[in-house]
Amino acid sequence: AALANETAQALACVVSLDPAATALTEEGFHAIMRLEDAPAMELFVRRVVDELLFAGVEETPALGQLAAAPPSSLRELLGLLRNASWVGCRAADPACEDLSEDGFGRVVATGNRSAVAVFVRRVAEHLGGEVKDEDAMLADVDGAATMSSLAEAFSAHPPWATWHAEAACALTEGADEDTVGLSIELACRAGSFDCRTVPAACAGSTLDTADYVLSSVYGHLGQVSCFTNGSLVFTRPRTLDRAADSGCIVTVDPLTTPLTGEGYQAILIQNDAKNMSVFIGRVVTAHLNGTVLREDLLEEFARSPPPSLHELAVVAVAVDWACYPQTTGCATDPALAPLTDAG
């Protein structure tokens, strides 16, 4: 049996002109491309869907059209297939299973290490990570019996992945109303956040409310991970997700986190003067309608910021590095005026 496995692994690395056997690599893809044979490419594509994406193909003319005019690389092909409506899920498909205890259990029950790797990679990516070393990842999670143990292990940001600091807990896409309501309820019961403080801009929509509550409670205000009620409630980095256009997701990014008490605390706990100066600058300009006159003095102020956003707003209107046309007026000293059209 061991010899048979070794032989199969060796054959999987052989590049040939046989679409049923050539390696599923860039080299194998280009070998079939050179044949300029649509049926051969269609067979290769079916293998990619089956063996790399662990998915199934619905019979459709679209498959033949793709095979007749394939993209220029296997990487592009994989991108097209992941978004193709005619590529569907199979039972216990690790690329489609719910990121939940039940989903994890079904994938583990297959006994397929490659399938587990696909599922675990999805968990890591959902938690804001980009996997760099899959072998190290699998070694790290080997023996994990539950999704909650996975989520807890990943919250420590192991070195086999690059972890995005701007990622934040938020409601998963496509969640039903019951899940939304329960997620909010569970988060509000956590005890570290007063759900009555949800800003008006986020209280008008159930989804926005869930995003604000979840991102405030999990990850920034003391909770270990974004795993609750048997499912992950975590969004990818803001730049890669619908969260990029939302002002209701609290992150550790001073450029995008909401200008609220929770947003301020997410920056304050970093103890990073540079990030704090960016956030305070946003408060002065967007929240207090002022102008920052001296960036150097702002950065000095940010080294010892007030403990709350409310105190910051009180102190900021009296500093000498900012001005407020509606109240204090702005200095006309050319040495203090900002280097802008208004200055």
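Residue indices follow the written sequence of each chain, beginning from 1 at its first position. The predicted origin of the model limits local features to residues at a pLDDT of at least 70 and limits the giving and counting of side-chain atom pairs to 80 or more, whereas totals for whole chains, interfaces and linings rest on all residues. Side-chain descriptors were evaluated using all non-hydrogen atoms of the structure, hydrogens and water having been removed beforehand.

A. Broad picture of the overall build of the protein chain. Strands here mean DSSP runs of E at least two residues long; helices mean DSSP runs of H or I at least four residues long; both are numbered from the N terminus. Looking only at helices and strands, the protein chain features 16 helices and 10 strands. For every residue, the accessible area (1.4 Å probe, protein chains only) is compared with the maximum for its type, and the residue is labelled buried under 20%, exposed over 50%, or partly exposed between those bounds. Taking all 343 residues of the protein chain together, 41% fall into the buried category. Contacts in the protein chain between residues at least 24 apart in sequence constitute 61% of all its contacts with a sequence separation of at least 6. Per element, the accessible surface of the protein chain, about 17600 Å² overall, is 52% carbon and sulfur. Whether two residues are in contact is decided by their heavy atoms, any of which lying within 4.5 Å being enough. Per-residue and other accessible areas follow the Shrake-Rupley method at a 1.4 Å probe size, with only the shown protein chains counted as cover for residues.

B. Seen up close, helix α12 (residues 206–217). The terminal C-alpha atoms of α12 lie 16 Å apart, and with 12 residues this matches the ideal 16 Å at 1.5 Å per residue to within 8%. Among the 12 residues that make up α12, nine are buried, leaving the element largely enclosed by the rest of the structure. Along α12, the residues classified as buried are Thr209, Ala210, Asp211, Tyr212, Val213, Leu214, Ser215, Ser216 and Val217. Helix span, as expected, comes to 1.5 Å for every residue beyond the first.

C. Molecular detail of the nonpolar core. Among the buried residues, those of types Ala, Val, Leu, Ile, Met, Phe, Trp, Tyr and Cys that are joined through side-chain atoms within 4.5 Å form a nonpolar core. Ranked by size, the top nonpolar core spans 22 residues in total, and within it Phe154 and Trp160 carry the most contacts. Element by element, the count of residues in this core is highest for helix α7 (residues 113–126), at seven residues. Beyond its immediate chain neighbours, meaning those up to four positions away, Trp160 contacts Ala124, Glu130, Val131, Lys132, Asp133, Ala136, Met137, Asp140 and Phe154. If you look at the next biggest cluster of nonpolar residues, it comprises 21 residues, including Val45, Leu66, Ala67 and Val87.

D. Representation of helix α14 (residues 273–287). For α14, built from 15 residues, the straight-helix expectation of 21 Å at 1.5 Å per residue is met to within 8% by its first-to-last C-alpha distance of 20 Å. Those residues of α14 not exposed but buried are Asn275, Met276, Ser277, Phe279, Ile280, Gly281, Arg282, Val283 and Val284. Here the buried face of α14 lies against α13 (261–268), β9 (291–292), α15 (295–302), α16 (309–316) and β10 (322–323). Polar contact is the term for a pair of N or O atoms within 3.5 Å; when the atoms are in protein, one must be able to donate a hydrogen and the other to accept it, and sequence-neighboring residues count only if both atoms are side-chain atoms. The backbone nitrogen of Lys274 lies 3.0 Å from a side-chain oxygen of the residue at the head of α14, namely Asp272. Asn289 occupies a position one or two residues after α14 and carries a positive phi of about 55 degrees.

E. Spotlight on the state of the cysteines. In this description, a disulfide is simply a cysteine sulfur pair whose atoms lie within 2.5 Å. This structure, assessed with the given rule, holds one disulfide. Covalent S-S linkage joins Cys202 and Cys248, the inter-sulfur distance amounting to 2.1 Å. The disulfide joining Cys202 to Cys248 has a torsion of about -95 degrees about its S-S bond and is therefore left-handed. Here Cys248 lies in the loop between β8 (234–235) and α13 and Cys202 lies in helix α11 (residues 200–203), a separation of 46 residues in the sequence.

F. Up close: the packing of aromatic side chains. Pairing of aromatic rings covers Phe, Tyr and the six-membered ring of Trp, with a centre-to-centre limit of 6.5 Å; geometry is then stacked below 30 degrees between planes, edge-to-face above 60, and tilted otherwise. Scanning the entire structure with this criterion turns up seven aromatic pairs. Judged by centre distance (6.0 Å) and plane angle (50 degrees), the ring pair of Phe29 and Phe44 falls under tilted. Separated by 15 residues along the polypeptide, Phe29 in helix α2 (residues 26–33) and Phe44 in helix α3 (residues 38–52) bring together distant segments of the chain. Comparing Phe29 with Phe44 shows no difference in burial state: the two are buried. Geometrically, the ring pair formed by Phe154 and Trp160 is edge-to-face, given 5.2 Å between the ring centres and 75 degrees between the ring planes. Through successive ring pairs, a cluster of aromatic residues spans Phe154, Trp160 and Trp163.

G. Geometry of the pattern of salt bridges. A pair is scored as a salt bridge if a Lys or Arg side-chain nitrogen falls within 4 Å of a carboxyl oxygen belonging to Asp or Glu. Under the counting rule described, the total for this entry stands at six salt bridges. Of the charged contacts, one joins Glu134 and Arg121 as a salt bridge, the two residues approaching to 2.9 Å between their closest N and O atoms. Of this pair, Glu134 sits in helix α8 (residues 134–141) while Arg121 sits in helix α7, and the two are 13 residues apart along the sequence.

H. Inspection of the environment of Glu125 at higher detail. Along the chain, the position of Glu125 falls in helix α7. The exposure class of Glu125 is partly exposed, given its relative accessible area of 26%. Once the C-alpha coordinates of Glu125 and Ala161 are considered, the two residues, 36 residues apart in sequence, prove to be 9.2 Å apart.

Any link to function would need more than the numbers given here.
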